[in-house]
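# Breakdown of the fold
This is what each chain is made of:
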Amino acid sequence: MIFANRYFPATRMRRMRKDDFSRRLMRENVLTTNDLIYPVFVLEGENREQEVASMPGVVRQSLDKLLYTAEQALELGIPMLSLFPVIETGKDNAAQEAYNPDGLVPTVVRALKQRFPELGVMTDGALDPYTVHGQDGLIDDSGYVLNDETTEVLIRQGLCHAEAGVDVFGPSDMMDGRIGALRDAFEEAGFIHTKILAYSAKYASAFYGPFRDAVGSAGNLGKADKYNYQMDPANLDEAIQEVAMDLEEGADMVMIKPGMPYLDVIRRVKDTFRVPTYAYQVSGEYAMLKAAFQNGWLNEEKCMMESLLAFKRAGADGILTYFALDAARLLRRG
Ligand code: PBG
């Protein structure tokens, strides 16, 4: 006997961690393929595929090639694709191409829904691919993005996508009142099943850089920024107000974007509203992780899965992620 008053831990937390079976029994969160939404970049034309330099492993594809990608996603059990168009011709100041029924997005939506009716298809509600200046809306002479005028165009865009058969419309533009305006327009036109996933808390983030390269809006945007409509990364209460308004206006689902640096926002939104809540692990997060994987600095499979599981723990019901196909393959292997 060395110590008279020997101390034993009242609870040994490590007891439950010791064995695989007990670790599995006490696991609080799981990631499944049902949690994944796959963002894809679509090109005009045929038989085209381009790599995105700042997003290794991500490609822009024409529709014929995208159909194979969609088939893989469906086969792996991924519930939904999110379409992002690369618009090469027809950009203007009024973003008229955004509601062209024969434009790239409606064409791709029709083809995907015809070929794979059970695969969810989501489109992005915003004008940045279609404007010469790369802003998400129409601008005045000073460059200010006009709210209500932009909303009018978003309604045309939403109706155009709904007519093409899109399942989920995802306004990512951050105009005030657009969810209510879109919901009214959908109801009036009889699109009562068209779901709205509102990018409710979308921050003015530098993590979108590689995406703007991918869709080719970086050059158009130049040195301009999106601070007068996207949220200040310093704010949390403001996100709650945004989500509350979007829900009241008729959103079915809400999103927080970016993802990993904003897990606190996800948790707060989920705890406050208890509605279907999604996170977008954006291009810059993907680029950052990929760069470390390629350098051998981080373990690819482990860090990818850990990053996705973190969203579940934060309260997300699903994650838009460029890792969706890879993660689904890993989940299948078990
Ligand atoms: C544009 C849009 C952006 C993203 C999705 N939709 C970029 C932006 O707001 O400038 C970013 C996605 C990503 O970085 O992966 N409305």
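Residues numbered from 1 in each chain as written. Predicted model: local features only at pLDDT ≥ 70, side-chain atom pairs only at ≥ 80, totals over all residues.

Stated precisely, the cut-off is as follows: UniProt positions are given in the numbering used here, feature names are shortened, and annotations may be inferred rather than shown by experiment.
Going by an unreviewed UniProt entry, the chain carries the name Delta-aminolevulinic acid dehydratase and comes from Aquitalea aquatica. The record in UniProt for the chain states the following under Subunit (unreviewed entry): "Homooctamer." Taken from UniProt, the Sequence similarities (unreviewed entry) comment for the chain reads in full: "Belongs to the ALAD family."

### A closer look at the overall build of the chain
Formally: Labels follow the DSSP assignment, with helices taken as runs of H or I lasting at least four residues and strands as runs of E lasting at least two, numbered in each case from the N terminus. The atom set for the radius of gyration is the C-alpha atoms, and the globule formula is 2.2 Å times the number of residues raised to the power 0.38. Put plainly, a residue is buried at 20 or more neighbouring C-beta atoms within 10 Å of its own, exposed at 12 or fewer, and partly exposed in between, counting only other residues' C-beta atoms, which are placed from the backbone. The contact criterion used is a C-beta to C-beta distance within 7 Å, with each C-beta placed from the backbone.
The number of helices and strands found in the chain is 13 helices and 10 strands. Here the C-alpha atoms of the chain give a radius of gyration of 21 Å, agreeing with the 20 Å that 2.2 N^0.38 yields for 334 residues. Its C-alpha atoms give the chain principal-axis dimensions of about 85 × 45 × 40 Å. Taking all 334 residues of the chain together, the buried fraction comes to 43%. Sequence separation of at least 24 residues holds for 74% of the intrachain contacts in the chain that already meet a minimum separation of 6.

### Some thoughts on the UniProt feature "active site" (unreviewed entry) in the chain
As recorded in UniProt, the sites labelled "active site" (unreviewed entry) are Lys202 and Lys257. For this annotated set, covering 56 residues, all C-alpha atoms fall within 4.9 Å of each other, a compact arrangement in space. Looking at the secondary structure, you find Lys202 in strand S7 (residues 195–202). Beyond its immediate stretch of four places on either side in the chain, Lys202 contacts Ser172, Met174, Gln230, Met231 and Lys257. With respect to the secondary-structure elements, Lys257 resides in strand S8 (residues 253–257). Ignoring sequence-local partners within four residues, the contact set of Lys257 consists of Tyr199, Lys202, Tyr203, Tyr280 and Val282.

### A few points about the UniProt feature "binding site: Mg(2+)" (unreviewed entry) in the chain
Following the UniProt record, one finds the feature "binding site: Mg(2+)" (unreviewed entry) at Glu242. Within the element layout of this structure, Glu242 appears in helix H9 (residues 237–248).

### Digging into the nonpolar core
The criterion, for reference: Note on definitions: a nonpolar core is a set of buried residues drawn from Ala, Val, Leu, Ile, Met, Phe, Trp, Tyr and Cys, linked by C-beta atoms within 7 Å.
If you look at the biggest cluster of nonpolar residues, it comprises 89 residues, and the most contacted ones within it are Val42, Leu83, Ile266 and Ile319. The leading source of residues in this core is strand S1 (residues 36–43), at 7 residues. Discounting residues that sit within four places of it in the chain, Val42 has contacts with Gln61, Leu63, Leu66, Leu83, Pro85, Val86, Leu104 and Val108.

### Section: the packing of helix H5 (residues 147–164) against helix H6 (residues 178–188)
To keep things clear, this is the line we draw: A fitted line through C-alpha atoms represents every axis, and for helices the fit uses only the stretch in contact; the resulting angles, taken between N-to-C directions, go from 0 to 180 degrees. The labels follow the angle: roughly parallel below 35 degrees, roughly antiparallel above 145, roughly perpendicular from 65 to 115, and oblique for the rest. For any helix crossing, the convention is left-handed if the near helix is rotated counterclockwise from the far helix by under a right angle, and right-handed if that rotation is clockwise. The classification used treats Ala, Val, Leu, Ile, Met, Phe, Trp, Tyr, Cys and Pro as nonpolar, Asp, Glu, Lys and Arg as charged, and all other residues, Gly among them, as polar.
Two elements in contact, H5 and H6, have axes separated by 9 Å at closest approach and are oriented at 45 degrees. The angle between H5 and H6 places the two elements in the oblique class. Classified by chirality, the crossing of H6 by H5 is right-handed. Of the residues in H6, those touching H5 at Thr151, Leu154, Ile155, Gly158, Leu159 and Ala162 are Arg178, Ala181, Leu182, Ala185 and Phe186. Looking at side-chain class alone, the contact of H5 with H6 contains 8 nonpolar, 2 polar and 1 charged residues.

### Some thoughts on the site of the ligand
Our working rule: Here, nearness means that the C-beta atom of a residue, built from backbone geometry, sits within 6 Å of the molecule or strand in question.
Around the ligand, a shell composed of Asp124, Ala126, Asp128, Asp136, Ser172, Tyr208, Phe211, Arg212, Lys226, Val282 and Ser283 is seen. Split into classes, the residues belonging to the shell around the ligand amount to 4 nonpolar, 2 polar and 5 charged.

### Some details on the pairing of strand S9 (residues 277–281)
Each regular strand carries side chains that alternate between the two faces of the sheet. Defined as follows: At least two bridges found by DSSP between two strands is the condition for calling them paired. Seen with the strands pointing away from the viewer, any crossover whose path from the first strand over the helix to the second strand runs clockwise is right-handed.
The element S9 is extensively covered by neighbouring structure, given that 5 of its 5 residues are classed as buried. Covered by surrounding structure in S9 are Thr277, Ala279 and Gln281 together with Tyr278 and Tyr280, the residues of both alternating faces. Where S8 lies against S9, 3 bridges are found, and the strand directions are parallel. Residue pairing for S9: Ile256 is matched across the bridge by Ala279. Since S8 and S9 lie parallel, the crossover through helix H10 (residues 263–273) that links them has a hand, and here it is right-handed.

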